[in-house]
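# Survey of secondary and tertiary structure
One-letter residues, chain by chain:
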Amino acid sequence: MKEIYNAAREKMNKTVNALVNEYASIRAGRANASVLDKVLVDYYGVPTPINQMAAISVSEARILVIQPWDKSTLTPIYKAIQTSDIGINPTNDGSVVRLVFPPLTEDRRKELVKEIKKIAEERKVTIRSIRRDYIDKIKKMQKASEITEDALKDGEEQLQKITDEFVKNIDKEAEKKEKEVMEI
């Protein structure tokens, strides 16, 4: 049974980590290099992430500076950011690309909070689905007479406790991200 609990915990932990990574890519008014994680640049015919082609730094609270290691990639990086869906127009001064993050409007903050809640809800559904899968596994074990009825009940209760713990973690992460969005 411990193996089942550990496997469930591991899968649920991966779900929470995926949520944290997804939240990092949500633009919250502050300069954050992770907004560029999904932007790929055509580098000699190969789609390449910007962070593998350039140094990315935050020069001021709302300005992100991208300095390519190879100056010939400046224009492709600029164009890739421009055509991406991050919603910020880059500026190119010939040596670096700058992204100036505009302050968030109240409407945009509300949209972001809705998106944060939606993502959290999706992850909770994933956590519950993992719980259901592992409960099915222990039910099969009980049908095959590998465990007793009492062990089945204990297993279901333990899996529910694990699920509740991870749902709370998701709620904490969502609350933290909402605060970040509303404070800026």
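The rules behind these values
Residues numbered from 1 in each chain as written. Predicted model: local features only at pLDDT ≥ 70, side-chain atom pairs only at ≥ 80, totals over all residues. Heavy atoms only, no water. Helix = DSSP H or I, 4+ residues; strand = E, 2+ residues; numbered from the N terminus. Expected span 1.5 Å × (residues − 1). Buried < 20%, exposed > 50% of the residue type's maximum accessible area, 1.4 Å probe, protein only. Contact = heavy atoms within 4.5 Å. Pairing = 2+ DSSP bridges. Axes fitted to C-alpha atoms, helices over the stretch in contact; angles between N-to-C directions. Core = buried A, V, L, I, M, F, W, Y, C linked by side-chain atoms within 4.5 Å. Parallel < 35°, antiparallel > 145°, perpendicular 65-115°, else oblique. Nonpolar A, V, L, I, M, F, W, Y, C, P; charged D, E, K, R; others polar. Salt bridge = Lys/Arg side-chain N within 4 Å of Asp/Glu carboxyl O.

Our next topic: helix α4 (residues 149–183). Residues spaced three or four apart along an α-helix face the same direction, because each turn holds 3.6 residues. Counted at 1.5 Å a residue, the expected span for α4 with its 35 residues is 51 Å, and the 51 Å between its end C-alpha atoms agrees. Within the span of α4, buried status applies to Leu-152, Gly-155, Glu-156, Leu-159, Ile-162, Thr-163, Phe-166, Val-167, Ile-170, Ala-174, Lys-177 and Val-181. Structurally, α4 contributes buried residues whose contacts are with α1 (2–24) and α3 (106–143).

Turning our eyes to something else, we now look at the sheet that holds strand β3 (residues 54–60). The antiparallel open sheet is built from four strands, whose spatial order is β3-β4-β6-β5. Each edge of the open sheet carries a strand with a single partner, namely β3 and β5 (90–92). Across the sheet, the axes of successive neighbouring strands diverge by a mean angle of 25°, strand direction being ignored. Bridging between β3 and strand β4 (residues 63–68) involves six bridges; their strand directions are antiparallel.

Tyr-23, Ile-138 and Leu-159 are the most contacted members of the largest nonpolar core, which totals 29 residues. Put simply, the parts of the chain that give this core at least two residues each are α1, α3 and α4. No other element matches the eleven residues that α3 contributes to this core. By size, the runner-up hydrophobic cluster in this structure holds 19 residues, among which are Leu-36, Ala-54, Leu-74 and Phe-101.

A few words now on the packing of α3 against α4. Following both chains from N to C, one finds α3 and α4 inclined at 170°, their axes separated by 9 Å at the closest point. As judged from the angle between their axes, α3 and α4 are roughly antiparallel. Considering only residue class, the contact of α3 with α4 consists of 16 nonpolar, four polar and 14 charged.

The next point concerns the environment of Gly-155. Positionally, Gly-155 belongs in helix α4. According to the relative accessible area criterion, Gly-155 is buried, its value standing at 0%. Put simply, Gly-155 and Tyr-5 are 150 residues apart on the chain and 8.4 Å apart in space, counted from C-alpha to C-alpha.

Let's shift gears to the pattern of salt bridges. For the structure shown, the criterion picks out twelve salt bridges. Close ionic contact of Glu-10 with Lys-14 constitutes a salt bridge, the shortest N to O distance being 3.8 Å. In this pair, Glu-10 and Lys-14 both sit in helix α1, four residues apart, roughly one turn of the helix. Overall, Lys-14 belongs to the exposed group, its relative accessible area being 55%.

Judged by which residues are buried, strand β6 (residues 97–100) turns out to be one-sided: Val-97 and Leu-99 face inward and are buried, whereas Arg-98 and Val-100, on the alternate face, are not. For β4 and β6, the ladder comprises four bridges, and the chain directions are antiparallel. Bridging across to β6, Ile-63 finds its partner in Val-100. As judged from the three bridges shared by β5 and β6, these two strands associate in the antiparallel manner. By the bridge assignment for β6, Thr-91 is matched with Arg-98. Connecting β5 to the next strand, β6, in antiparallel fashion are four residues, including Gly-94 with a positive phi near 100°.

Here the focus is the pairing of strand β1 (residues 40–43). Inspection of the sheet shows β1 paired to strand β2 (residues 46–49) by four bridges, in the antiparallel sense. By the bridge assignment for β2, Asp-42 is matched with Pro-47. Between the antiparallel neighbours β1 and β2 lie two residues, among them Tyr-44 with a positive phi of about 50°.

When you line up the elements, Thr-163 lands in helix α4. For Thr-163, a relative accessible area of 1% puts it in the buried group. Excluding residues that lie within four positions of it along the chain, Thr-163 makes contacts with Met-12, Ile-127, Arg-128 and Arg-131.

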